[in-house]
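# Inside the fold
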Amino acid sequence: IKMQIVEIPILNLKLKISKIAFNIFGIDIYWYALIIVVSIVSALFYCKKIKGKYGIKFETILNVCILVIPIGIICARLYYVIFNLKYFIENPMQILDIRDGGLAIYGGIIGGIVTIILYCKKHEINLFDLLDYLAPAVALAQSIGRWGNFVNIEAYGTQTSLPWKMCIIENEIKKCVHPTFLYESLCTFLIFLLLYKLQQKRRFKGEIFYLYLILYAFVRFWIEGIRIDSLMLKNFRISQILSIAIFILFLGIFTYAAIRNHIMSKKVKK
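In this report, we go over the structure that sits alongside the text. As the structure is a computational prediction, the values presented were derived from the model and not from experiment.

A separate point is the state of the cysteines. Taken as a whole, this structure holds one disulfide when the rule is applied. Between the sulfur of Cys 167 and that of Cys 176 lies a disulfide, 2.1 Å long from S to S. Note on the Cys 167 and Cys 176 pair: the S-S dihedral is about 90 degrees, so by sign convention the disulfide is right-handed. Overall, the relative accessible area of 4% leaves Cys 167 in the buried class. In this structure Cys 47 is a free cysteine whose sulfur lies 6.0 Å from that of Cys 65, the closest cysteine sulfur available.

Right, here's the structure in full:
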């Protein structure tokens, strides 16, 4: 099994990391896949903890997840493939191999939201109640899932001399880089904590979901700017373009909804 070396100078750590966790009947099981599973299970545990929130049963969440999880993974992979089309045209057999990474979170978010919209319409569930219920769980899953990038030694940033740098060996050359996977993991965990707190006193439908998109778009725009493996469209980073669009759109929607709720609350008090 090929081992990769990662050094964390601030902790005086030197780690030898394998992408493969173990082997079952000749099939390699990758750490990346296991971490994704752990992130999903953790999100479900959170959903179980808040069951009944906004009148939504945990059974409904399970039914939604049966659809959203596979569709989200497919869309995350499709998004990644589309923006790496040249490589996958030359290596079509690699399209289905996701054990070693290659999932784009924005693709998963888009696919998941579309699926939820259709599910809510079919089963007559309030869309924003369900999205508000799920938003913190998604942030939690992202926070855990980013550690799959660490194991794969990917999604890291430009070279740096900052104290919290991580050092890797690439093409037999040692370089110290921004641990951007860690930045996103910490930021999404903070988003999770904030949304969890706000869930206790939601002011209007959609508030938690809007804030999740606004905060994540802000974080992702910043982090994407220092990553070296961004998906590109010409000379532009796809995730930065999408982050700007999401941030502006949903900040506007959130502001309108908050003002409208404030006005309506005043009328009710009168």
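Within the structure shown, the criterion is met by eight salt bridges. Where Asp 129 meets Lys 205, a salt bridge forms, and the shortest distance between an N and an O atom there is 2.9 Å. In this pair, Asp 129 is assigned in helix H5 (residues 127-145) and Lys 205 in the loop between helix H7 (180-199) and helix H8 (207-224), connecting sequence segments 76 residues apart. Its relative accessible area of 9% is what places Asp 129 among the buried residues.

Moving on: the sheet that holds strand S2 (residues 13-18). Spatial ordering of the open sheet is given by S2-S1-S5-S6, a layout of four strands whose pairing is antiparallel. Strands with a single pairing partner mark the edges of an open sheet, and in this sheet they are S2 and strand S6 (173-177). Strand-to-strand twist of the sheet, defined as the mean angle between neighbouring strand axes without regard to direction, takes the value 30 degrees. In this sheet, strand S5 (residues 166-170) lies alongside strand S1 (residues 3-8) in antiparallel orientation, the contact comprising two bridges. When the bridges of S5 are listed, Val 6 appears paired with Ile 168.

Positionally, Gln 159 belongs in the loop between helix H6 (147-152) and S5. Sequence separation between Gln 159 and Ile 226 is 67 residues, and the spatial gap between their C-alpha atoms is 9.1 Å. If we ignore the near neighbours within four places in the chain, the residues touching Gln 159 are Lys 175, Cys 176, Val 177 and His 178.

A word on the pairing of S5. As paired strands, S5 and S6 are joined by five bridges and run antiparallel to one another. Paired with Met 166 across the bridge in S6 is Val 177. Turn length for the S5-S6 hairpin, with the two strands adjacent in sequence and antiparallel, is two residues, and the turn residue Asn 171 shows positive phi of about 55 degrees.

Attention shifts here to unusual backbone geometry. Even without a glycine there, the phi angle at Tyr 54 is positive, about 60 degrees. Residue placement: Tyr 54 occurs in the loop between helix H1 (31-49) and helix H2 (58-82). Positive phi values are uncommon outside glycine, yet Ile 153 reaches one of about 55 degrees. Mapping Ile 153 onto the fold places it in the loop between H6 and S5. Residue classification places Ile 153 among the buried positions, given a relative accessible area of 13%.

A few words now on the packing of aromatic side chains. Counted under the stated rule, the structure contains 19 aromatic pairs. Taking 5.6 Å as the distance between ring centres and 15 degrees as the angle between the ring planes, the aromatic pair formed by Tyr 183 and Trp 222 counts as stacked. Here the residue Tyr 183 occupies a position in helix H7, and Trp 222 occupies one in helix H8, the gap between them amounting to 39 residues. Exposure remark for Tyr 183: the relative accessible area of 11% places this residue in the buried category.

This next bit is on the nonpolar core. Ranked by internal contacts, the top residues of the largest apolar core, which has 53 residues, are Ile 61, Ile 116, Leu 130, Tyr 133, Leu 134 and Tyr 212. Of all the secondary structure elements, the ones that give two or more residues to this core are H1, H2, helix H4 (105-123), H5, H7, H8 and helix H9 (238-269). Top contributing element to this core by residue count: H8, with eleven residues. Within the second largest apolar cluster, twelve residues are counted, among which are Ile 17, Ile 35, Phe 150 and Ile 153.

For the rest of this paragraph, the subject is H1. For H1, spanning 19 residues, the distance from its first C-alpha to its last is 27 Å, which sits close to the expected 27 Å at 1.5 Å a residue. Tyr 32, Ile 35, Ser 39, Ala 43, Tyr 46 and Cys 47 are the residues of H1 that are buried. For H1, the angular spread of the buried residues around the axis is 125 degrees, confining them to a single face. Residues Phe 45 and Lys 49 are exposed on H1 and point more than 90 degrees away from its buried face. For H1, the elements touching its buried residues are strand S4 (27-30), H2, H5, H6 and H7.

Calculation notes
- Residues numbered from 1 in each chain as written.
- Predicted model: local features only at pLDDT ≥ 70, side-chain atom pairs only at ≥ 80, totals over all residues.
- Heavy atoms only, no water.
- Disulfide = S-S within 2.5 Å.
- Buried < 20%, exposed > 50% of the residue type's maximum accessible area, 1.4 Å probe, protein only.
- Salt bridge = Lys/Arg side-chain N within 4 Å of Asp/Glu carboxyl O.
- Helix = DSSP H or I, 4+ residues; strand = E, 2+ residues; numbered from the N terminus.
- Pairing = 2+ DSSP bridges.
- Axes fitted to C-alpha atoms, helices over the stretch in contact; angles between N-to-C directions.
- Contact = heavy atoms within 4.5 Å.
- Phe/Tyr/Trp six-rings, centres within 6.5 Å; stacked < 30°, edge-to-face > 60°.
- Core = buried A, V, L, I, M, F, W, Y, C linked by side-chain atoms within 4.5 Å.
- Expected span 1.5 Å × (residues − 1).
- Arc of directions from axis to C-beta.

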